[in-house]
Amino acid sequence: MRDEHARAYWKANVRILTTLLSIWFFVSFVCGILLADFLDNFRFAGFKLGFWIAQQGSIYVFVVLIIVYVFWMDRLDARYQTNSKAANLKAANRAPNADEEQAS
Amino acid sequence: MSSVQLWTYLFIGLSFGLYITIAVRSRAGSTHEFYVAGGGVHPVANGMATAADWMSAASFISMAGLISFLGRDGTFYLMGWTGGYVLLALLLAPYLRKFGKFTVPDFIGDRYYSRSARLVAIFCAISVSFVYVCGQMQGAGIVFSRFLEVDITTGVIIGMTVVFFYAVLGGMKGITYTQVAQYCVLIFAYMVPAIFISMMMTGNPIPQIGFGSELTPEYGGGYLLDRLDNISEQLGFAAYTEGQRGTQDVFFITAALMFGTAGLPHVIIRFFTVPSVRAARTSAAYALIFIGLLYTTAPAVAAFAKTNLMNTVNNAVYEELPEWFYTWENTRLISFDDRNGDGRVQYVGDPALNELTVNGDIMVLANPEIAGLPDWVVALVAAGALAAALSTAAGLLLVISTAVSHDLLKRSLMPQITEKQELRYARIAIFVAILIAGYFGINPPGFVAEVVAFAFGLAAASFFPAIVLGIFYKRMNRQGAIAGMIAGFSFTALYIIYFKFIAPELSTPAYWLFGISPEGIGTMGTLINTVVALTICRFTPAPPRDIQQMVEDIRLPGH
């Protein structure tokens, strides 16, 4: 039972990582480098978009990604901990019975 | 003594007094305190300490200058040195905290159940950190000599004494709390001139917004960046906001800096000092916020300084230049050679006609003077640069000392020593490391400055894959990891040595492998490390059960 929990937790964790790292790659390498020249065709205020993403925007996105990660993992931990607490409780409730069975 | 010097003595004196007070108050009594500050550092404090640990003399003094000369290509420093934190926060920090030992070689040695793996890791950690620390000492020496007109030797010795105080007495505990103070000093010193200049040039107090705004009428109006592009092109330089380097090169350099950031031992060990896995995650978020503050300001400073410089000097009569020009000419950071003898400064892109050579460091160091800011702001920069240099030096020295006393002596060569003896060895190691670093700070071998930038490539090619695979691939075994680290490290080191020392004349895109410069080759090293590790691992036995159990365990949060 605990192993299953652990596996589910790890799977959810890897899913979170994949999502966030895809955004990380897209913003920095795709928008900030590969497509920067194309994005420079768009402007806002005094910035060309590609230039802005490369020198400013990407850093803001990195900060947001880590903050989102902290929140998602907190939620995941909470869910997992309540689950494993429930499991432990069940196990604890079962334990005396198991002892009795052994005794008898 | 000039007013600037008086202010400089005041700020440096005050900040050093503060560091020493903290050092005396946080002496370490056990190896647990010496190596990981007792493991009870608050996430916000650790975030600040990580930021100071991370932002070196290079970030503080040189980065804005590099960007102002590279224009958009300077991006790889900005994204590379911040994007690595995403990798660190998501792929390394929480798991290494859960693992809960003291050092990076600890993890490599235990996870790969092998003394050879531990030794390889010790070697990589010490060589990466050493290269890096010499550059810091040199940086501290330069700041002293330029601002206080003492010679570099005296400067380095003063710096060494201060680091000695808090690193030897307090270990990680002393280092952590002084780094918190140093972060505050350095960010204040960086932001104040930036805000002043942004206000002056664009009327907007936030530099991040200011550099996308219109210039005030005194500066000629129009958007700052357009203006910068225009003057650059008129003078025959490349347009500021357009990239010049090959796209694949920029791609690889950015990636190498990111992997390297995530693999640098002195940054990783900071996450061993927080109380829990959750705190490790939170503190990575704080660290990047604190770092991002400086890193988003730097490109603004770069653009302001470049505009200001070109406006002030180009075609100006030499005799009528402002005072700062002559001061910095004395330090040779800026030099003027009146080739056509017209008494005016021609600053142009064509090397045959150009009469002005400018060292990038001036963009931060002299920026307040160029913009005509008050003396106390000028002096503040010196204190900030020293905080940046010393905080990073201390973090690196600690890695060297733990690698020697803990990994090499306690865990490999003489496991019978008591904790007290280990602590004494740690202090001796850090003392010796300070002496060696100081020596190289005073007599910098020509290669140090060159090699500092490559410390990232080496860290990327050795540690990053070994640690990530160790966490995310349970089947990864000793043979694979060791072969991978050796292959990645030697490939990267050889490529760099070849193009930097053996055949520097060949270091042009035409000869580079796939057009990748030595700065970016660490990414290739990372890939080679990974491929070699995965291949060898397939043909060798799986790691023992208890190691697989350990991997399962570090994947789960909790205590």
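The following refers to the structure shown. For clarity, every value in this text was computed on a predicted model and none was experimentally measured.

1. Points about the overall build of chain B
Reasoning step 1: Each helix and strand in chain B was counted, giving 22 helices and 2 strands.
Reasoning step 2: For chain B, the C-alpha radius of gyration of 24 Å lies close to 24 Å, the compact-globule estimate for 559 residues.
Reasoning step 3: Taking the principal axes of the C-alpha coordinates as reference, chain B spans close to 75 × 55 × 40 Å.
Reasoning step 4: For chain B, the proportion of its 559 residues judged to be buried stands at 63%.
Reasoning step 5: Long-range contacts, defined here as pairs at least 24 residues apart, represent 80% of the contacts in chain B between residues at least 6 apart.
Reasoning step 6: As displayed, chain B has an accessible area near 19,400 Å², and 63% of this comes from carbon and sulfur atoms.
Reasoning step 7: In chain B, the 32 positive side-chain charges and the 35 negative ones have mean positions that sit 21 Å from each other.

2. Quick notes on the packing of helix α10 (residues 224-234) of chain B against helix α13 (residues 277-313) of chain B
Residues and elements named next belong to chain B.
Reasoning step 1: The N-to-C vectors of α10 and α13 enclose an angle of 45°; their axes lie 10 Å apart at closest approach. With respect to each other, α10 and α13 are oriented oblique. As α10 runs across α13, the sense of the crossing is left-handed. Contacts from Leu-224, Leu-225, Arg-227, Leu-228, Ile-231 and Ser-232 of α10 reach α13 at Ala-303, Phe-304, Lys-306, Thr-307, Met-310 and Asn-311.
Reasoning step 2: Looking at the contact of α10 with α13, its residues break down into 7 nonpolar, 3 polar and 2 charged.

3. Observations concerning the interface of chain B and chain A
Reasoning step 1: Contacts between chain B and chain A engage 48 residues on the former and 40 residues on the latter.
Reasoning step 2: Carbon and sulfur atoms make up 72% of the area that chain B and chain A hide from each other, which totals about 4,000 Å².
Reasoning step 3: By the criterion of area lost to chain A, the three top residues of chain B are Arg-72, Leu-90 and Arg-281 of chain B, representing 17% of everything that side buries.
Reasoning step 4: Taken together, chain B and chain A are joined by 6 salt bridges.
Reasoning step 5: For Asp-74 of chain A, the salt bridge identified is with Arg-281 of chain B, shortest N-O distance 3.8 Å.
Reasoning step 6: If you look at where chain B meets chain A, you find 8 residue pairs in polar contact (both at pLDDT 80 or more).
Reasoning step 7: Of all the secondary structure elements, the ones that give two or more residues to the side of chain B that touches chain A are α5 (75-99), α10, α11 (247-263), α13 and α19 (447-472) of chain B.
Reasoning step 8: Sorting elements by how many residues they give to the side of chain B that touches chain A places α5 of chain B first, with 13 residues.
Reasoning step 9: A breakdown of the residues in the side of chain B that touches chain A according to their chemical character gives 29 nonpolar, 12 polar and 7 charged.

4. Considering a nonpolar patch on the surface
Residue and element names in this part refer to chain B.
Reasoning step 1: Residues Val-24, Phe-164, Phe-165, Tyr-425, Ile-428, Phe-431, Val-432, Leu-435 and Ile-436 make up a contiguous nonpolar surface patch of roughly 710 Å² in combined accessible area.
Reasoning step 2: Examined against the element boundaries, Phe-165 turns out to sit in helix α8 (residues 152-202).
Reasoning step 3: Looking at Phe-165, the relative accessible area reads 33%, which means it is partly exposed.

5. What to know about α10 of chain B
Reasoning step 1: Inspection of α10 of chain B places Leu-224, Leu-225, Leu-228, Asp-229, Ile-231 and Ser-232 of chain B among the buried residues, and these make up the whole buried set.
Reasoning step 2: Downstream of α10 of chain B by one or two residues, Gly-236 of chain B has phi in the positive range, about 90°.

6. Remarks on the packing of aromatic side chains
Two aromatic rings, taken as a pair, are described by how far apart their centres are and by the angle between their planes.
Reasoning step 1: This model, assessed by the stated rule, comprises 37 aromatic pairs over all chains.
Reasoning step 2: An angle of 80° between the planes, with centres 5.7 Å apart, marks the rings of Phe-38 of chain A and Phe-42 of chain A as edge-to-face.
Reasoning step 3: Given a relative accessible area of 41%, Phe-42 of chain A falls into the partly exposed group.
Reasoning step 4: When the ring of Trp-7 of chain B is compared with that of Phe-11 of chain B, the centres are 5.7 Å apart and the planes differ by 25°; the resulting orientation is stacked. With a gap of 4 residues between them, Trp-7 of chain B and Phe-11 of chain B both fall in helix α1 (residues 3-25), about one helical turn apart.
Reasoning step 5: Residue classification places Phe-11 of chain B among the buried residues on the basis of a relative accessible area of 18%.
Reasoning step 6: Through successive ring pairs, a cluster of aromatic residues spans Phe-44, Phe-47, Phe-51, Trp-52 and Tyr-60 of chain A together with Phe-211 and Tyr-240 of chain B.

7. Comments concerning α13 of chain B
Reasoning step 1: For α13 of chain B, which comprises 37 residues, the first-to-last C-alpha distance of 54 Å matches the rise-based estimate of 54 Å (1.5 Å per residue) to within 8%.
Reasoning step 2: At Gly-292 of chain B, α13 of chain B shows its maximal bend, which comes to roughly 30°.

8. Focus: the side chain of Gln-346 of chain B
Residue and element names in this part refer to chain B.
Reasoning step 1: For Gln-346, the position within the fold is in the loop between β1 (334-336) and β2 (356-358).
Reasoning step 2: Accessibility expressed as a relative area gives 16% for Gln-346, which makes it buried.
Reasoning step 3: Side chain to side chain, Gln-346 and Asp-342 meet in a polar contact 3.2 Å long.
Reasoning step 4: Excluding residues that lie within four positions of it along the chain, Gln-346 makes contacts with Asn-314, Asn-315, Asn-340, Leu-353, Asn-354, Glu-355 and Leu-356.

9. Observations concerning the nonpolar core
Residue and element names in this part refer to chain B.
Reasoning step 1: Within the largest apolar cluster, 222 residues are counted, with the highest numbers of intra-cluster contacts made by Trp-54, Phe-60, Leu-92, Ile-108, Tyr-295 and Ile-467.
Reasoning step 2: Considering each element in turn, this core owes the most residues, 22 residues, to α8.
Reasoning step 3: Discounting residues that sit within four places of it in the chain, Trp-54 has contacts with Trp-81, Tyr-85, Tyr-132, Thr-261, Leu-264, Val-267, Ile-291, Tyr-295, Thr-392 and Phe-456.
Reasoning step 4: In terms of nonpolar packing, the next biggest core, distinct from the first, is built from 9 residues, Phe-252, Ile-496, Trp-512 and Ile-521 among them.

10. Re the packing of α5 of chain B against α11 of chain B
Residue and element names in this part refer to chain B.
Reasoning step 1: Viewed as axis vectors pointing N to C, α5 and α11 meet at an angle of 45°, and their least axial separation amounts to 7 Å. Taken as axis vectors, α5 and α11 run oblique relative to one another. Crossing angle aside, the handedness with which α5 passes α11 is right-handed. Of α11, the residues touching α5 (which contributes Phe-76, Tyr-77, Met-79, Gly-80, Trp-81, Gly-83, Gly-84, Tyr-85, Leu-87, Leu-88 and Leu-92) are Val-250, Ile-253, Thr-254, Leu-257, Met-258, Phe-259, Thr-261 and Ala-262.
Reasoning step 2: A breakdown of the residues in the contact of α5 with α11 according to their chemical character gives 14 nonpolar, 5 polar and no charged.

11. Some words on the environment of Tyr-190 of chain B
All names here are of chain B.
Reasoning step 1: Topologically, Tyr-190 is positioned in helix α8.
Reasoning step 2: With relative accessibility at 4%, the residue Tyr-190 sits in the buried group.
Reasoning step 3: Counting along the chain gives 175 residues from Tyr-190 to Leu-365, while the straight-line C-alpha distance between them is 10 Å.
Reasoning step 4: Not counting residues up to four positions away in its chain, the partners in contact with Tyr-190 are Phe-60, Ala-64, Leu-294, Thr-297, Ala-298, Val-301 and Val-364.

12. Regarding unusual backbone geometry
Reasoning step 1: With a phi angle near 45°, Ala-45 of chain A is a residue other than glycine that sits in the positive phi range.
Reasoning step 2: Relative to the helices and strands, Ala-45 of chain A resides in the loop between β1 (43-44) and β2 (47-48).
Reasoning step 3: Overall, the relative accessible area of 45% leaves Ala-45 of chain A in the partly exposed class.
Reasoning step 4: Its identity is not glycine, yet Tyr-113 of chain B carries a phi of approximately 35°, on the positive side.
Reasoning step 5: Mapped onto the fold, Tyr-113 of chain B is located in the loop between α6 (104-111) and α7 (115-148).

13. Topic: the pattern of salt bridges
Reasoning step 1: Under the defined criterion, the tally for this structure stands at 10 salt bridges over all chains.
Reasoning step 2: The salt bridge involving Asp-37 of chain A is made with Arg-72 of chain B; its shortest N-O contact spans 3.1 Å. Here the residue Asp-37 of chain A occupies a position in helix α2 (residues 36-39), and Arg-72 of chain B occupies one in the loop between α4 (57-70) and α5, the pair thus bridging two chains.
Reasoning step 3: Of the residues examined, Arg-72 of chain B reaches a relative accessible area of 9% and is grouped as buried.
Reasoning step 4: A network of salt bridges, in which partner residues are shared, links Asp-74 and Asp-77 of chain A together with Arg-278 and Arg-281 of chain B.

Conventions and cut-offs
- Residues numbered from 1 in each chain as written.
- Chains lettered and ligands numbered in written order.
- Predicted model: local features only at pLDDT ≥ 70, side-chain atom pairs only at ≥ 80, totals over all residues.
- Heavy atoms only, no water.
- Helix = DSSP H or I, 4+ residues; strand = E, 2+ residues; numbered from the N terminus.
- Rg over C-alpha atoms; globule rule 2.2 N^0.38 Å.
- Buried < 20%, exposed > 50% of the residue type's maximum accessible area, 1.4 Å probe, protein only.
- Contact = heavy atoms within 4.5 Å.
- Areas by Shrake-Rupley, 256 points an atom, 1.4 Å probe, with all protein chains shown as cover.
- Lys, Arg positive; Asp, Glu negative; His and termini not counted.
- Charge placed at Lys NZ, Arg CZ, Asp CG, Glu CD.
- Axes fitted to C-alpha atoms, helices over the stretch in contact; angles between N-to-C directions.
- Parallel < 35°, antiparallel > 145°, perpendicular 65-115°, else oblique.
- Left-handed = near helix turned anticlockwise from the far one by under 90°.
- Nonpolar A, V, L, I, M, F, W, Y, C, P; charged D, E, K, R; others polar.
- Buried area = accessible area lost by both parts, 1.4 Å probe.
- Salt bridge = Lys/Arg side-chain N within 4 Å of Asp/Glu carboxyl O.
- Polar contact = N/O pair within 3.5 Å; in protein donor to acceptor, adjacent residues only side chain to side chain.
- Patch = residues over 30% accessible without salt bridge, like charges linked within 9 Å, V, L, I, M, F, W, Y side chains within 5 Å.
- Phe/Tyr/Trp six-rings, centres within 6.5 Å; stacked < 30°, edge-to-face > 60°.
- Expected span 1.5 Å × (residues − 1).
- Bend = angle between axes of the 7 residues up to and from the residue.
- Core = buried A, V, L, I, M, F, W, Y, C linked by side-chain atoms within 4.5 Å.

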